[in-house]
There are 2 protein chains.
Amino acid sequence: MPELRRDPAKGKWVIIAVERSSRPSDFKLEVEEPAGPEKCPFDGGKEDQTPPEITAIRPEGSNLNTPGWTVRVVPNKFPALKIEGEIESRGNGVYDAMNGVGAHEIIIETPDHFAAFETLKLDHASKIIWMFRERYLDLRKDQRLKYILIFKNKGRRAGASLEHSHSQLIATPIMPDLVKIELEAALTYYRYRGRCVYCDIISQEINEGKRLIFENDDFIAITPYASIVPFEIQIMPKQHSSDFGDIRLAEMNSLTKALQSSLKMLAKAVPHVSYNFYLHTSPLENLTIPHYHWHIEIVPRLTHIAGFEWGSGLYINPVPPENAAKFLLEAKEVQE
Amino acid sequence: MPELRRDPAKGKWVIIAVERSSRPSDFKLEVEEPAGPEKCPFDGGKEDQTPPEITAIRPEGSNLNTPGWTVRVVPNKFPALKIEGEIESRGNGVYDAMNGVGAHEIIIETPDHFAAFETLKLDHASKIIWMFRERYLDLRKDQRLKYILIFKNKGRRAGASLEHSHSQLIATPIMPDLVKIELEAALTYYRYRGRCVYCDIISQEINEGKRLIFENDDFIAITPYASIVPFEIQIMPKQHSSDFGDIRLAEMNSLTKALQSSLKMLAKAVPHVSYNFYLHTSPLENLTIPHYHWHIEIVPRLTHIAGFEWGSGLYINPVPPENAAKFLLEAKEVQE
């Protein structure tokens, strides 16, 4: 069972994943190539190589764990947190610990080993987003959980160990630091100005236009004013909404277009780029709130995180987001 | 001039370093080897290849910017923040900006291209730490500055672009996020328990012993209970002290021994490891405080920061710190 531990001097939790690795010699000093198709357990036809499926979009009447599916969800074989057990919290002198209860699922986005999310047909890609929502709505019934983070690692510099297109979901029994910090900053703004800070950002960005890279009826994508890395992108619903679970089915295609279009521009501007994206939404204990606004952040992995960033939390970004927006929009024009 | 920008939705500042790089094609997708001795501007005898020296430990009567020095400090050629100018803060709709005033210095630790900090003679290594203190005490007279971070990048995975042994110092006109978070957590603990949380940690770690990897009269080194990465190490003075500037000359050798010994164990346990270290001390506006305790954190760069960590701030560490301590101590025994 993994263990959650808290350092009182940082107020920060960590997951100690005892079952994942152990000896110093297990650490490869080189970044390895992700495993190719021969060793890939996510391909269609290899359903027996993953843990039994949780759910899938598959033809009516077809059996679980058989081919024919479009999107398939399975538990992570080496979960960071485990679904079984009760939450037990305990002290250890100045320290706190908790057993590692939670969920860790893989959303296999396609049976095709070589397909990429950004170039899937809209209808297919939209089903992936729909599956994010399904898993999110299902897991949040679990009273032990405090937060659900949906994320994607693409490319080896982004930490992907398998190249087959997939996303992940980790549900945690604590509120993650970074989401807590966002919630607090947004609440401070709301108390002072009486409006959602994200709504104000959206209105300013649409007005100014110089960091806006995509807009449709329901969503915008921008390169944020204080982007901490080059070509960072943020996607937000234009209407105020704190809870991703509230997304209407009619908006699913709009969101998919915003995400696919942003990722296509990025891949065109910086070929073979590795990236992470993740979805920030309200905490499970307080889903509908006036000060928070769900969004997706896309983080290209182009620069190093060195000692200064690691020790201060202050990042040095060599590409002003106004320039990033220009480069991304140029890439879009080339594309079309 | 670099610009500092603040995102109101995260409450987070970033340094936009316009002069450092610009086009998408400037980003190398592969981690490059640091430049070798041919292109190294830090070697003894190449003093004209760096910006003019700020200070150096050199034979009495020898001229600035000539060979013969032991430790030499120069401004960074591509500074993240610049020393000239007044701080001007301004709003931009919902956003805030400030011009990038600060300091960015390089501490060249030795004229020898192939020497490493961990294996320098104690007397020499101790002079480097003494220089950290000198630069810290000198810069903190500058009323524009809020914080001074001393740090080191060793190895390409830690973001070092030059292999010649050196450390850096960046002084900022704002308080860095991570230090603010530590200060707040420490203050919360102090208000509740009336003691410095670090002092309590030190006493518990010496008592329990299972995460203690080094101890002398003045310092201890531990693998922290909630280490966020494998083989993380923290060095702390045993006596309460919030301000690194207060370190006594008599303690300089003790600290150097703690740091060299920790880094030697790490390099022996994980050969060719890349690492960062940085020194956390009290804010310049409030140097002597009962709730904070200066310390050095050593962060080996062995694991990936993937989407989950990036989006949540919650890390998954596959090596329990008790095991890390055991491996490090075994490496120490082999060494001796």
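### A closer look at the relation of the copies chain B and chain A
Next, step 1: Overlaying chain B on chain A yields an RMSD of 0.0 Å, the required transformation being a rotation through 180° with an accompanying axial translation of 0.0 Å. A rotation of that kind, with that shift, is consistent with a two-fold axis.
Next, step 2: By residue overlap, the copies meet face to face through one surface: 100% of the interface positions of chain B are interface positions in chain A.

### Overview of the interface of chain B and chain A
Next, step 1: Facing 80 residues of chain B, the contacting portion of chain A comprises 80 residues.
Next, step 2: By residue number, the principal contributor to the side of chain B that touches chain A is helix α2 (residues 177-193) of chain B, which donates eight residues.
Next, step 3: The class makeup of the residues in the side of chain B that touches chain A is 50 nonpolar, 19 polar and 11 charged.
Next, step 4: In the sheet, strand β2 (residues 12-16) of chain A pairs with strand β15 (residues 315-317) of chain B via three bridges, with the strands oriented parallel. Within β15 of chain B, the position partnered with isoleucine 16 of chain A by the bridge is asparagine 317 of chain B.

### Here we look at the pairing of strand β13 (residues 275-280) of chain A
Residues and elements named next belong to chain A.
Next, step 1: Within β13, six of the six residues are buried, which leaves it mostly tucked inside the rest of the structure.
Next, step 2: The side-chain alternation of β13 yields two buried faces, one formed by Tyr275, Phe277 and Leu279 and the other by Asn276, Tyr278 and His280.
Next, step 3: As paired strands, strand β8 (residues 147-154) and β13 are joined by five bridges and run antiparallel to one another. Directly across from lysine 154, in β13, lies its bridge partner tyrosine 275.
Next, step 4: As defined by bridge partners, β13 adjoins strand β14 (residues 295-300) across six bridges and the pair is classed as antiparallel. From the neighbouring strand, tyrosine 278 faces β14, where its bridge partner is glutamate 297.

### Observations concerning the sheet that holds strand β11 (residues 219-222) of chain B
Residues and elements named next belong to chain B.
Next, step 1: Taking strand neighbours across the sheet as the criterion, the 10 strands line up as β3-β4-β7-β9-β8-β13-β14-β12-β11-β10 in an open arrangement whose pairing is antiparallel. Each edge of the open sheet carries a strand with a single partner, namely β3 (55-57) and β10 (212-215). On average, each strand axis in the sheet is inclined to that of its neighbour by 20°, with strand direction left out of account.
Next, step 2: Pairing geometry for strand β8 (residues 147-154) and strand β9 (residues 166-172), over five bridges, is antiparallel. Bridging from a neighbouring strand, leucine 149 pairs with isoleucine 170 of β9.

### What to know about the sheet that holds strand β5 (residues 89-92) of chain A
Next, step 1: The five strands are arranged β5(A)-β6(A)-β1(A)-β2(A)-β15(B) in an open sheet whose pairing can be described as mixed. For this open sheet the edge positions go to β5 of chain A together with β15 of chain B, each flanked by a neighbour on one side alone. Across the sheet, the mean angle separating the axes of adjacent strands is 30° when strand polarity is ignored.

### Some points on the confidence of the model for chain A
Next, step 1: Residue-level pLDDT values for chain A average 93, and 96% of them are 70 or greater.
Next, step 2: Scored by ipTM, the complex comes to 0.95, with pTM at 0.95.

### A look at the domain arrangement of chain A
Residues and elements named next belong to chain A.
Next, step 1: Its domain assignment divides chain A into domain 1 (3-17 + 32-174) and domain 2 (178-335).
Next, step 2: The centre of domain 1, based on its C-alpha atoms, is set 22 Å off from the matching centre of domain 2.
Next, step 3: Of all elements in the fold, only α1 (122-139) and β8 reach the threshold of two or more residues within the side of domain 1 that touches domain 2.
Next, step 4: For the side of domain 1 that touches domain 2, the element with the most residues is α1, which contributes eight residues.

### Some remarks on the environment of valine 94 of chain B
Next, step 1: The residue valine 94 of chain B is located in the loop between β5 (89-92) and β6 (95-99) in this model.
Next, step 2: With 21 C-beta atoms packed within 10 Å, valine 94 of chain B lands in the buried category.
Next, step 3: When the C-alpha atoms of valine 94 of chain B and isoleucine 57 of chain B are compared, they prove to be 48 Å apart, with 37 residues separating the residues in sequence.
Next, step 4: When residues no more than four places from it in sequence are discounted, the contact partners of valine 94 of chain B are Val197, Asp200, Ile201 and Gln204 of chain A together with Pro8 of chain B.

### With respect to the packing of helix α1 (residues 122-139) of chain B against helix α4 (residues 252-269) of chain B
Residues and elements named next belong to chain B.
Next, step 1: Contact geometry of α1 with α4 gives a least axis separation of 9 Å together with a crossing angle of 105°. The orientation of α1 relative to α4 falls into the category roughly perpendicular. Contact with α1, carried on its side by Leu122, Ala125, Ser126, Ile129 and Trp130, involves Met252, Asn253, Leu255, Thr256, Lys257 and Gln260 of α4 and no other residues of that element.
Next, step 2: The class makeup of the residues in the contact of α1 with α4 is six nonpolar, four polar and one charged.

### Observations regarding the nonpolar core
Next, step 1: One finds Ile15 and Leu266 of chain A together with Ile15 and Leu266 of chain B to be the most contacted residues of the largest nonpolar core, which totals 192 residues.
Next, step 2: If we ignore the near neighbours within four places in the chain, the residues touching isoleucine 15 of chain A are Pro2, Leu4, Ala80, Leu81 and Gly100 of chain A together with Leu314, Tyr315, Ile316 and Asn317 of chain B.

### As for unusual backbone geometry
Next, step 1: Here the phi dihedral of phenylalanine 231 of chain A falls at roughly 65°; this positive angle occurs in a residue that is not glycine.
Next, step 2: Mapped onto the secondary structure, phenylalanine 231 of chain A falls in the loop between β11 (219-222) and β12 (233-237).
Next, step 3: At asparagine 65 of chain B, a position not held by glycine, the phi torsion is positive, near 60°.
Next, step 4: Inspection of the secondary structure puts asparagine 65 of chain B in the loop between β3 and β4 (71-75).
Next, step 5: The partly exposed category is assigned to asparagine 65 of chain B, around which 16 C-beta atoms lie within 10 Å.

Conventions we followed
- Residues numbered from 1 in each chain as written.
- Chains lettered and ligands numbered in written order.
- Predicted model: local features only at pLDDT ≥ 70, side-chain atom pairs only at ≥ 80, totals over all residues.
- Least-squares fit on C-alpha atoms with pLDDT ≥ 70 in both.
- Contact = placed C-beta atoms within 7 Å.
- Helix = DSSP H or I, 4+ residues; strand = E, 2+ residues; numbered from the N terminus.
- Nonpolar A, V, L, I, M, F, W, Y, C, P; charged D, E, K, R; others polar.
- Pairing = 2+ DSSP bridges.
- Buried ≥ 20, exposed ≤ 12 C-beta atoms within 10 Å, placed from the backbone.
- Axes fitted to C-alpha atoms, helices over the stretch in contact; angles between N-to-C directions.
- pLDDT = per-residue confidence, 0-100.
- Domains from an automatic or database assignment.
- Parallel < 35°, antiparallel > 145°, perpendicular 65-115°, else oblique.
- Core = buried A, V, L, I, M, F, W, Y, C linked by C-beta atoms within 7 Å.

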